[in-house]
Amino acid sequence: MSKNRSLQVRLAALSFLEFAVWGAYLISLGNYLGSVGLATHIGWFYAIQGVVSLFMPAIVGIIADRWIPAQRMLSICHVLAGLFMGAAALYALNTPAVEFGPLFTLYTFSVAFFMPTIGLNNAVAFNALSRAGLDTITYFPPIRVFGTVGFICSMLFVNFTQFQTNPYQLVTSAVLSFCLAAYSLTMPNCPTDKSSSGSLADSLGLRAFSLFKVKRMAIFFIFSMCLGVSLQITNSYGNIFITSFSDIAAYADTWGARNANALISLSQMSETLCILLIPFCLKRFGIKGVMLMSMFAWVLRFAFFGLGDTGGGLWLLILSCIVYGVAFDFFNVSGGLYVDKQTTKELRSSAQGLFMIMTNGIGATVGTLAAQAIVNHFVFSQTTPEAQHAGWTTSWYIFAAYSLVIAILFIIFFKDTPTPSNEEERRLIKEIESSPVEGV
């Protein structure tokens, strides 16, 4: 095996493990929480990912840039994430009545150290490829695909071991974190620069908030936030919803009701394939067309959940999983590309940080907590499986209606222009680029 091929295999394994850590619990955690009487708190466990993503990746990234090489920082973060996740698992396994406070606290610390590792993992891969003289645009996407493969494999492992309804999913994640912590130390060294002038404010994307002065960019970021509301809803409640069919006599023995994680893994498989369609669709339909596809795909994602079941309606749940690839990828990937195209290198990183804040930070957090309020009202307040099923249907239709309204408003208000459309916009962007945030 050639040296370059060996490096690609090693980086693919790194990506595989990174997302396997996440896949062990991200989809199935809601199911476990429901089994221990914490169903009404599911939203908080998913919302906290958005909250910590507002600041932890930037703080850890600055440390990795200036003082601790990225591959070592990746190892440290996974050790800490694994320790807290393992502690959460031990608490859950050794406590007769699991309480929200202790479990949520331990889980929060674990997630706080895990979320920065996604960016660190990318940084380690980019550094290794660059040092080997390999083009990152060409070689990184196939490596990143193995991350999704790892996520799927972890989901399937948790599903077929029946860990999706117990704390052993947290144990699985902790063990994988420790494995990755050791493996990351074998990666090529990433240089640090103690004289780096990049500030925490820039890393957080604060300078790019000035882009709200540009009407077109303000509209784009606002709609990004609105669409980000949908990101974590099915991650939070999809598994427990599908598993709930096992409480209804007509569906109790169906394969789907017993294997929710395996069924939902079709969403990640679709995501892998849909990435390949983005370049063609962007050229053919533009950013507005692609983002509209994403918005209408979210409508179908939720509506098919509302219409489907694990019996004769299983095909609708499968369709929901298939359209998820369009819903997720066409928004996240194309949105990032749009931001990259609309800004120059002086503002690009900050603008990407703002895009993440608006979507995975503010949008996903608000969306998850709003979904929690809706599901608690229509589902968990009910006392019979049939009434809860009716509540699930209502909830999914509400989420679908929200996505449809956002899509219609997007058609009306967003104008797709390849470059700043007038002299005033160009002047504003130039001013923003030349005035970095001072301080932190």
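Parameters at a glance
Residues numbered from 1 in each chain as written. Predicted model: local features only at pLDDT ≥ 70, side-chain atom pairs only at ≥ 80, totals over all residues. Heavy atoms only, no water. Helix = DSSP H or I, 4+ residues; strand = E, 2+ residues; numbered from the N terminus. Buried < 20%, exposed > 50% of the residue type's maximum accessible area, 1.4 Å probe, protein only. Contact = heavy atoms within 4.5 Å. Areas by Shrake-Rupley, 256 points an atom, 1.4 Å probe, with all protein chains shown as cover. Expected span 1.5 Å × (residues − 1). Axes fitted to C-alpha atoms, helices over the stretch in contact; angles between N-to-C directions. Parallel < 35°, antiparallel > 145°, perpendicular 65-115°, else oblique. Left-handed = near helix turned anticlockwise from the far one by under 90°. Nonpolar A, V, L, I, M, F, W, Y, C, P; charged D, E, K, R; others polar. Phe/Tyr/Trp six-rings, centres within 6.5 Å; stacked < 30°, edge-to-face > 60°. Lys NZ or Arg CZ within 6 Å of the ring centre and 35° of its normal. pLDDT = per-residue confidence, 0-100. Polar contact = N/O pair within 3.5 Å; in protein donor to acceptor, adjacent residues only side chain to side chain.

This paragraph deals with the overall build of the chain. Counting its regular elements, the chain contains 18 helices and zero strands. Burial statistics for the chain: of 440 residues in total, 55% are counted as buried. Contacts spanning at least 24 positions in sequence make up 82% of the contacts within the chain whose residues lie at least 6 apart. Accessible surface, the chain: about 18000 Å² in total, of which carbon and sulfur atoms supply 68%.

A few words now on helix H13 (residues 260–274). Each α-helix turn comprises 3.6 residues. Residues three or four places apart therefore point the same way. Between its terminal C-alpha atoms H13 stretches 22 Å, which fits the 21 Å expected from 15 residues at 1.5 Å a residue. Burial runs high along H13: 12 of the 15 residues are buried. Listed as buried for H13 are Ala-260, Asn-261, Ala-262, Leu-263, Ile-264, Ser-265, Ser-267, Gln-268, Ser-270, Glu-271, Thr-272 and Cys-274. Against the buried residues of H13 lie helix H7 (136–160), helix H11 (233–243), helix H12 (255–258), helix H14 (278–307) and helix H15 (314–342).

All right, on to the packing of helix H1 (residues 3–23) against helix H8 (residues 168–184) then. Running from amino to carboxyl end, H1 crosses H8 at an angle of 150 degrees, the nearest separation of the two axes being 9 Å. The angle between H1 and H8 places the two elements in the roughly antiparallel class. Considering the relative orientation of H1 and H8, their crossing is left-handed. Residues Arg-10, Ala-13, Leu-14, Leu-17, Glu-18, Ala-20 and Val-21 of H1 lie in contact with H8, whose contacting residues are Ser-173, Leu-176, Ser-177, Leu-180, Tyr-183 and Ser-184. The residue inventory of the contact of H1 with H8, partitioned by class, reads eight nonpolar, three polar and two charged.

Each aromatic ring pair is specified by the distance between its two centres and by the angle formed by the two planes. Enumeration over the complete set of coordinates arrives at 35 aromatic pairs. With a centroid separation of 6.5 Å and an interplanar angle of 85 degrees, the aromatic rings of Trp-22 and Phe-151 are classed as edge-to-face. Placement of the pair is Trp-22 in helix H1 and Phe-151 in helix H7, with a sequence separation of 129 residues. Accessibility assignment for this pair places Trp-22 and Phe-151 in one class, buried. Of note, Arg-144 hangs over the ring of Phe-19, and the distance from its end group to the ring centre comes to 4.1 Å.

A few words on the confidence of the model for the chain. On average, residues of the chain score 88 in pLDDT, and 89% of them are at 70 or above. Put simply, helix H18 (residues 423–433) is where the chain has its lowest mean pLDDT, 58, and H8 is where it has its highest, 98.

Below, the discussion takes up the side chain of Thr-359. The topology assignment puts Thr-359 in helix H16 (residues 345–380). Taking relative accessible area as the criterion, Thr-359 reaches 0% and is therefore assigned buried. Within polar-contact distance, the side chain of Thr-359 engages the backbone oxygen of Phe-355 at 2.7 Å. Not counting residues up to four positions away in its chain, the partners in contact with Thr-359 are Ser-224, Gly-228, Leu-231, Phe-331 and Ala-364.

Let us now look at the side chain of Gln-8. On the secondary structure map, Gln-8 appears in helix H1. Among the residues examined, Gln-8 registers a relative accessible area of 14% and is labelled buried. Setting aside residues up to four positions removed in sequence, Gln-8 forms contacts with Leu-134, Tyr-139 and Ile-143.

Take the packing of helix H4 (residues 56–66) against helix H5 (residues 70–93) next. Interhelical geometry of H4 versus H5 gives an angle of 140 degrees and a closest axis separation of 8 Å. Considered as vectors, H4 and H5 are oriented oblique to each other. Crossing handedness for the pair H4 and H5: right-handed. Contact residues: Val-60, Ile-63 and Ala-64 in H4; Ala-70, Met-73 and Cys-77 in H5. A class-by-class count of the residues in the contact of H4 with H5 yields six nonpolar, no polar and no charged.

Glancing now at unusual backbone geometry. Backbone geometry at Gln-162 places phi at a positive 65 degrees, although glycine is not the residue there. Here Gln-162 is to be found in the loop between H7 and H8.

Let's shift gears to the environment of Ser-246. Inspection of the secondary structure puts Ser-246 in the loop between H11 and H12. The spatial distance from the C-alpha of Ser-246 to the C-alpha of Ala-257 is 5.3 Å, given a sequence separation of 11 residues. Residue contacts for Ser-246: discarding those within four places in its chain leaves Tyr-251, Ala-252 and Ala-257. Of the polar contacts made by the side chain of Ser-246, one reaches the backbone oxygen of Thr-243; its length is 2.6 Å.

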